[in-house]
Amino acid sequence: MENKAGSAVKPSEMELVRQLEYIRMIREKNDAFEMANGRKKKFYSLAMGCQMNAHDSEKLEGMLTEMGFESTDVEKEADFIIYNTCCVRENAELKVYGKLGWLKHYKEVKNPDAIIALCGCMMQQETVLQTLRQKYRHVDIVFGTFNLYKLPELVATRMESDRTVYDIWQEHKEVVEDLPIIRHFPYKASVNIMFGCNNFCSYCIVPYVRGRERSRTPEDILAEVRKLAADGVKEVMLLGQNVNSYGKNLDNPISFAELLRMVNEVEGIERIRFMTSHPKDLSDELIKAMAECEHVCKYLHLPVQSGSDEILRRMNRHYTKESYMEIVRKAREAMPDITLSTDIIVGFPGETEEDFQKTLDVIRESRYGSAFTFIYSKRTGTPAAVMEDQVPEDVVSDRFNRMLDVLNPIVHEVHEEQVGKVMTVFAEEVSKQNSSILTGRTDNNMLVHFPGTEDMIGQMVPVKIIDNKTFYLIGERI
């Protein structure tokens, strides 16, 4: 089969055509429903977990909108409810099960025709699928992380068969480009540059539920970024489980630093961010590219997880405290104004008080502007789940609180250093508490609240920082 240009059609292009045809068929049915009932069918979408999930949900919402559904923030009004699930922490899974219990009553009493769909990482676990089949038979559509683009086909199958549709893949097949998408912010967007992970950290379920690393071609990435820029997007976030290993599996390998320089040249893009950056793969080439590219933000999210070499070894992280701190030193030397953030896990199996104190040392030396802090959560199917020396809950809780006692004053000090400076803030949205206040972020990713009007959203605004509230700053326009 050939396309209009005379070249062979890729399987991914054929798949896109198939899904667009399903979208058209469902749109006809939903338009008929609207004509008969005087209202559109509504959908409610909830993304849990990481930014990758949030971006995936933008695609799901784009497809549902093209199918003729209308978005609602009120779950009790929805005819189609979709949860994009996370399995990194146990609490995220418990939240899903809690909601499913409520939805059973919702379908039985209020809306028997409502369709409930579950997708994302949690669905890639066999134990979860068994639970759904046994206890939650009111769920209508179940699919995973490898076939999100098949949503239209799955919805059509459910409408035609009136039975639960399970479509779980164990590995990735093709990357389908150009799906409809609803961006949550008109002036900033996320761009997947790769999928999956090869690291197999001993506590992490991600490689098992998202598969091995697969990089998109730089041509496809740049085409998407240029399209976003033409649509008025000023800031892009390049997403991957480990962006530092981007490009290694391409037919023509390139480095993430090279890709960063290419994106930096796209006209109209004023800010470039990326995450997540694994310390074991962070190169001097990348630090140099960050320093030299004018549109790349001077902000680096660099998960440390622990400051103990022994715990890092047990975590299978492939770096040491010393090598991590060397990256911090090089980044600050190349970019004196850079802000660092991190991920930290407290209470990993085998963690001693001495190990914990080494983590506190890293926090003091690195001087993070923010941090995502976690109590270790045992994930079935990971090596860490069966490790001996699980740390007692009361000990973990005590360490976690002591860690915050060290971390939060440092975060306050880092923010205090910004007071008196004039900074450019990308105005993102109106404050939910005060309609005369806008919120946005600086180049180094600090959250700023400042007086403004709605028509300023999407603009780069010069702001003088006048106060520090530890986790955000107060500014005034100049």
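Before going into details, it helps to say that this report is about the structure given with it. (Residues numbered from 1 in each chain as written. Predicted model: local features only at pLDDT ≥ 70, side-chain atom pairs only at ≥ 80, totals over all residues. Heavy atoms only, no water.)

**Here's the deal with the overall build of the protein chain**
A tally of helices and strands in the protein chain yields 13 helices and 19 strands. Over its C-alpha trace the protein chain gives a radius of gyration of 23 Å, about what one expects of a compact globule, namely 23 Å for 478 residues. Here the C-alpha coordinates of the protein chain stretch approximately 65 × 55 × 50 Å along the principal axes. Counting every position in the protein chain, which comprises 478 residues, the buried fraction comes to 53%. Here the analysis covers contacts within the protein chain between residues at least 6 apart in sequence; of these, 74% occur between residues at least 24 apart. A distance of 3 Å separates the average location of the 61 positive side-chain charges in the protein chain from that of its 75 negative side-chain charges. (Helix = DSSP H or I, 4+ residues; strand = E, 2+ residues; numbered from the N terminus. Rg over C-alpha atoms; globule rule 2.2 N^0.38 Å. Buried < 20%, exposed > 50% of the residue type's maximum accessible area, 1.4 Å probe, protein only. Contact = heavy atoms within 4.5 Å. Lys, Arg positive; Asp, Glu negative; His and termini not counted. Charge placed at Lys NZ, Arg CZ, Asp CG, Glu CD.)

**Description of the pattern of salt bridges**
Within the structure shown, the criterion is met by 37 salt bridges. For the salt bridge of Arg27 with Asp31, the shortest nitrogen-to-oxygen distance reads 3.2 Å. Of the two residues, Arg27 and Asp31 both sit in helix α1 (residues 11–37), 4 residues apart, roughly one turn of that helix. Here Asp31 falls in the partly exposed class, since its relative accessible area comes to 31%. For Lys321, the salt bridge is made with Glu365, and the minimal N-O distance between the two is 3.9 Å. With Lys321 in helix α11 (residues 321–334) and Glu365 in helix α12 (residues 353–366), this pair connects stretches of sequence that are 44 residues apart. Here Glu365 falls in the partly exposed class, since its relative accessible area comes to 45%. Salt bridges sharing common partners tie together Glu351, Glu353, Asp398, Arg399 and Arg402. (Salt bridge = Lys/Arg side-chain N within 4 Å of Asp/Glu carboxyl O.)

**What to know about the sheet that holds strand β12 (residues 299–301)**
On the basis of which strands lie adjacent, the open sheet formed by 3 strands has the order β12-β13-β14 and parallel pairing. With partners counted over all chains shown, the strands left at the sheet margins are β12 and β14 (370–375), one partner each. The average undirected angle you get between the axes of adjacent strands in this sheet is 10°. By the bridge criterion, 3 bridges tie β12 to strand β13 (residues 339–346) in an arrangement that is parallel. (Pairing = 2+ DSSP bridges. Axes fitted to C-alpha atoms, helices over the stretch in contact; angles between N-to-C directions.)

**A word on unusual backbone geometry**
Thr276 follows Met275 through a cis peptide bond whose omega is 5°. In this structure, Thr276 sits in the loop between β11 (271–275) and α9 (284–292). Phi at Asp162 is positive, roughly 55°, even though this residue is not glycine. Its location among the elements puts Asp162 in the loop between α5 (151–161) and β6 (165–167). Residue class for Asp162 comes out exposed when judged on its relative accessible area of 61%. One non-glycine residue, Arg367, lies in positive phi territory at about 50°. Arg367 gets classed as partly exposed once you look at its relative accessible area, which sits at 29%.

**Points about α9**
A turn of α-helix holds 3.6 residues, and therefore any two residues three or four places apart point the same way. For α9, every residue scored as buried is listed here: Leu286, Ile287, Ala289 and Met290. End-on view of α9: buried residues confined to an arc of 160°, all on one side of the axis. Along its buried surface, α9 packs onto α8 (256–264), β11, β12 and α11. (Arc of directions from axis to C-beta.)

**Some thoughts on the environment of Gly196**
Along the chain, Gly196 falls in the loop between β8 (194–195) and α6 (206–210). Those residues in contact with Gly196, other than ones at most four positions away along the chain, are Arg210, Gly211, Arg212, Glu213, Arg214 and Gln241.

**Here's the deal with the pairing of strand β7 (residues 188–192)**
In terms of burial, β7 is largely enclosed, as 4 of its 5 residues are buried. Across 5 bridges, the pairing between β7 and strand β10 (residues 235–239) is parallel. In the sheet register, Ser190 faces β10, and the bridge partner there is Met237.

**Observations regarding the sheet that holds strand β17 (residues 447–451)**
Reading around the circumference, β15-β16-β17-β19-β18 is the order of the 5 strands in this closed barrel, with mixed pairing throughout. Across the sheet, the mean angle separating the axes of adjacent strands is 50° when strand polarity is ignored. Across 5 bridges, the pairing between strand β15 (residues 422–430) and strand β16 (residues 437–442) is antiparallel. Within β16, the residue paired with Phe426 across the bridge is Arg441.

**Considering the environment of Met325**
As for its position among the elements, Met325 is in helix α11. The buried category is assigned to Met325, whose relative accessible area is 13%. Separated by 38 residues in the primary sequence, Met325 and Ile287 have C-alpha atoms spaced 14 Å apart.

**A few points about the side chain of Ser215**
Tracing the backbone through its elements, the reader meets Ser215 in strand β9 (residues 214–215). Given the relative accessible area of 15%, Ser215 is considered buried. For Ser215, the side chain forms a polar contact with the main-chain nitrogen of Gly247, separated by 3.0 Å. Here the side chain of Ser215 touches Asn249 through a polar contact of 3.2 Å, side chain to side chain. Discounting chain neighbours no more than four positions away, the residues touching Ser215 are Ile193, Met194, Tyr246, Gly247, Asn249 and Leu250. (Polar contact = N/O pair within 3.5 Å; in protein donor to acceptor, adjacent residues only side chain to side chain.)

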